[in-house]
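# Understanding the architecture of this molecule
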Amino acid sequence: MSKRRAGRAKARSARGITVGAAVVVAAAVVAAAALAVDSEEPGERSSGGPAPVEHLVQERPFRSVVTLDARIRARQPHPVGPPDAREAEWSVADGTRVAKGTVLGRHVPVTGEKSLADMETELADARRERADRARLLDVDVDQAEENHRKATGEEKVTAGSELVRTRLVAGQELEKLDVQISRLEAKVSAARGRTRTITAPAAGRFVLGTGGGAEVRPEGFETSAAVPPVLMYRLDTPQAARAAAVVKITGGPAEFPCTPVTYRGAEPGEGAGAAPDEGAGGSGTAEGAGTTGGAGTTGGTGTTAGADGAEDAPGISASCAVPSSVRVYAGLVGTMAITVVDLPRATVLDASAIRLAAGEKGLVTVRTADGGTEERAVVLGPTDGLAYVITEGLRPGETVLARSEGQR
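Sequence order as written defines residue numbering, which begins from 1 separately in each chain. Totals for whole chains, interfaces and linings use every residue, but because this is a predicted model, local features are given only for residues with pLDDT of at least 70 and side-chain atom pairs only at 80 or more, for both listing and counting. Only hydrogens and water are set aside; all other atoms, that is, all heavy atoms of the structure, feed into the side-chain values.

Here we come to the overall build of the protein chain. In this description a helix means any DSSP run of H or I spanning at least four residues, a strand means any run of E spanning at least two, and both kinds are numbered starting from the N terminus. Tallying secondary structure elements over the protein chain gives four helices and 21 strands in all. Burial classification: accessible surface area is computed with a 1.4 Å probe over protein chains only, and a residue below 20% of its type maximum counts as buried, one above 50% as exposed, and the rest as partly exposed. Taken across its 408 residues, the protein chain has 33% of its residues classed as buried. Contacts spanning at least 24 positions in sequence make up 75% of the contacts within the protein chain whose residues lie at least 6 apart. Surface exposure here means Shrake-Rupley accessible area, sampled with a 1.4 Å probe, where a residue is shielded only by the protein chains that are shown. Split by element, the accessible area of the protein chain, about 23700 Å² in all, is 55% carbon and sulfur. Only heavy atoms enter the contact rule, under which two residues are in contact if any of them lie within 4.5 Å.

Rendered as structure tokens:
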């Protein structure tokens, strides 16, 4: 009896060891699984692939501001008139103060060696010659008619023939002079068609140069800043309000509005080699002061580009007139913040979700309602460097996947 009890106790002990071992193994498996889960990097699935970053298409206000390092200088003179002094006919005296838009004269291109004035004189001379010749021919015809009336017999026939000849010669000579006058009139008309009125691009003093050129020298000061060519993409957009800027002078008065903004070297949309606008000028320095003035505000996303003194360097520069109510000095430095775009409502998407295509277009990967994706072309509007305004192709509330590495 004692042997059977001992056998049953031994069997129960063996089963306990087996169950305990199984529990230990199961616990080890669970711990290993938990360790594997904890070891995954954040943002990775259990399969090891990166989870796609998603961006929401938003409808919100959009503002883009380009901020440039700037310098105060005397307002630059505005060259006016043609390079060839012979082609300018000025109607304003040297040193006259003129308002913006004042007619200064006219630009008359020279044709060959003759100016419009020379051709007009030649035409007037031809017309006088024709009138004088017509009077003399009329006398000859009148005399021939008188001889014909007085003649009798055979002399009547001879006088008649002479009258016919006199009239024929007179008509031929006048016709020849009329052709000459017609040709001169055509040349004068063509030259007048190429003539342009020259007006003052700004208020200031009209000054004739020693070499025959002329310029209008405005009074006061302006803020000037270099524009890196790459930033012209920011400025060149149909929605751009490029005429508005706010200037802040280092250590000076409160920031103030400075308008309008003009560009030298190239307007937005033109190449850097384009001809300067009418606000382009030469060089000049001045010291002076006005009175204290007001303030303005800036905001939005900004991009800063350095350019101390860069208005004298080749390339593109922006400038705006300092209000006369603001006291400044030539040589002061500060910043010019140009408001490129200020939209109260726009469809906006993060730039990292857009693959740029030709022209003003892009490609995006849109998350569909069933959890899948689809490729879609979009039309791009202005950008602040971080996001784009989407003018076509997306609706607010849609989800777009960020472009992957290797996608532009």
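Back to the write-up after that little detour.
Further remarks concern the pattern of salt bridges. Whenever a carboxyl oxygen of Asp or Glu lies within 4 Å of a side-chain nitrogen of Lys or Arg, that contact is scored as a salt bridge. The full count for this structure, using the stated rule, is 20 salt bridges. In this structure, the salt-bridge partner of Glu374 is Arg376, at a minimum N-O distance of 2.5 Å.

Moving on, we get to the packing of aromatic side chains. Only Phe, Tyr and Trp rings are paired, with Trp represented by its six-membered ring, and only when their centres lie within 6.5 Å; those with planes under 30 degrees apart are stacked, over 60 edge-to-face, the remainder tilted. Going through the model one piece at a time under the given rule, you end up with one aromatic pair. Relative to Phe206, the ring of Trp90 has its centre 5.2 Å away and its plane inclined at 55°; by these criteria the two rings are tilted. Placement of the pair is Trp90 in strand S4 (residues 88-90) and Phe206 in strand S8 (residues 204-208), with a sequence separation of 116 residues. Judged by its relative accessible area of 24%, Trp90 is partly exposed. The class of Phe206 is buried, set by a relative accessible area of 0%.

Let's shift gears to helix H2 (residues 116-150). Compared with an ideal rise of 1.5 Å per residue, which puts 35 residues at 51 Å, H2 spans 51 Å between its outermost C-alpha atoms and is within 8% of the ideal. Of the residues making up H2, those classed as buried are Leu116, Met119, Leu123, Ala126, Ala134, Leu137, Val141 and Ala144. The span one expects for a helix is its residue count, reduced by one, times 1.5 Å.

Next up on the list: the nonpolar core. Nonpolar cores are built from buried Ala, Val, Leu, Ile, Met, Phe, Trp, Tyr and Cys residues. Side-chain atoms within 4.5 Å join them into one set. In this structure, Val227, Met336 and Ile338 are the most contacted members of the largest nonpolar core, which totals 33 residues. At the level of elements, strand S2 (58-74), strand S10 (221-227), helix H4 (232-235), strand S11 (245-249), strand S13 (261-264), strand S15 (316-321), strand S16 (333-350) and strand S20 (387-392) are the ones that each hand at least two residues to this core. A total of seven residues in this core trace back to one element, the largest contributor, which is S16. Counting 13 residues, the second-largest nonpolar core is a separate cluster that includes Leu349, Ala351, Leu380 and Tyr388.

Put simply, a disulfide is two cysteine sulfurs that come within 2.5 Å. Counted under the stated rule, the structure contains one disulfide. A disulfide bridge connects Cys258 with Cys320, and the sulfur atoms are separated by 2.0 Å. In this structure, the disulfide formed by Cys258 and Cys320 twists by about 110° around the S-S bond and is classed as right-handed. Pair noted here: Cys258 is in the loop between strand S12 (256-257) and S13 and Cys320 is in strand S15, with a separation of 62 residues, a long-range link. This pair shows no difference in class: Cys258 is buried, exactly as Cys320 is.

With that settled, the discussion passes to helix H3 (residues 154-193). With 40 residues, H3 extends 59 Å from end C-alpha to end C-alpha; this agrees with the ideal 58 Å at 1.5 Å per step. Taken together, the buried positions of H3 are occupied by Ala159, Gly160, Leu163, Thr166, Ala170, Leu174, Leu177, Ile181, Leu184, Val188 and Ala191. Its buried side turned inward, H3 meets H2.

Turning our eyes to something else, we now look at the sheet that holds strand S9 (residues 214-217). Two strands pair if DSSP finds at least two bridges between them. Strand order in the open sheet formed by four strands is S3-S9-S8-S5, with antiparallel pairing between adjacent strands. Either end of the sheet is taken by a strand with one partner, and the two such strands are strand S3 (78-80) and strand S5 (97-98). Pairing of S3 with S9, which is carried by three bridges, proceeds in the antiparallel orientation. Across the sheet, residue Val80 finds its bridge partner in S9, namely Ala214.

With that out of the way, let us pick up the side chain of Asp384. Mapped onto the elements of the fold, Asp384 is located in the loop between strand S19 (373-383) and S20. Residues counted as positive are Lys and Arg, residues counted as negative are Asp and Glu, and His and the chain ends are not counted. Nearest to the buried, unbridged Asp384 among oppositely charged side chains is Arg60, at 5.2 Å. A distance of 2.8 Å separates the side chain of Asp384 from the backbone nitrogen of Ala387, its partner in a polar contact. Polar contact is defined as a pair of N or O atoms within 3.5 Å, subject to the rule that within protein one atom must be able to donate a hydrogen and the other to accept it, and that residues adjacent in sequence are counted only when both atoms are side-chain atoms.

Confidence of the prediction at every residue is given by pLDDT, a number between 0 and 100. When the pLDDT values of the protein chain are averaged, the result is 77; 72% of them are 70 or greater. With pLDDT under 50 throughout, residues 16-46 is counted as low confidence; its partners more than four residues away or in other chains account for six contacts. Scored below 50 in pLDDT, residues 272-314 makes 111 contacts in the model with residues more than four places away or belonging to other chains.

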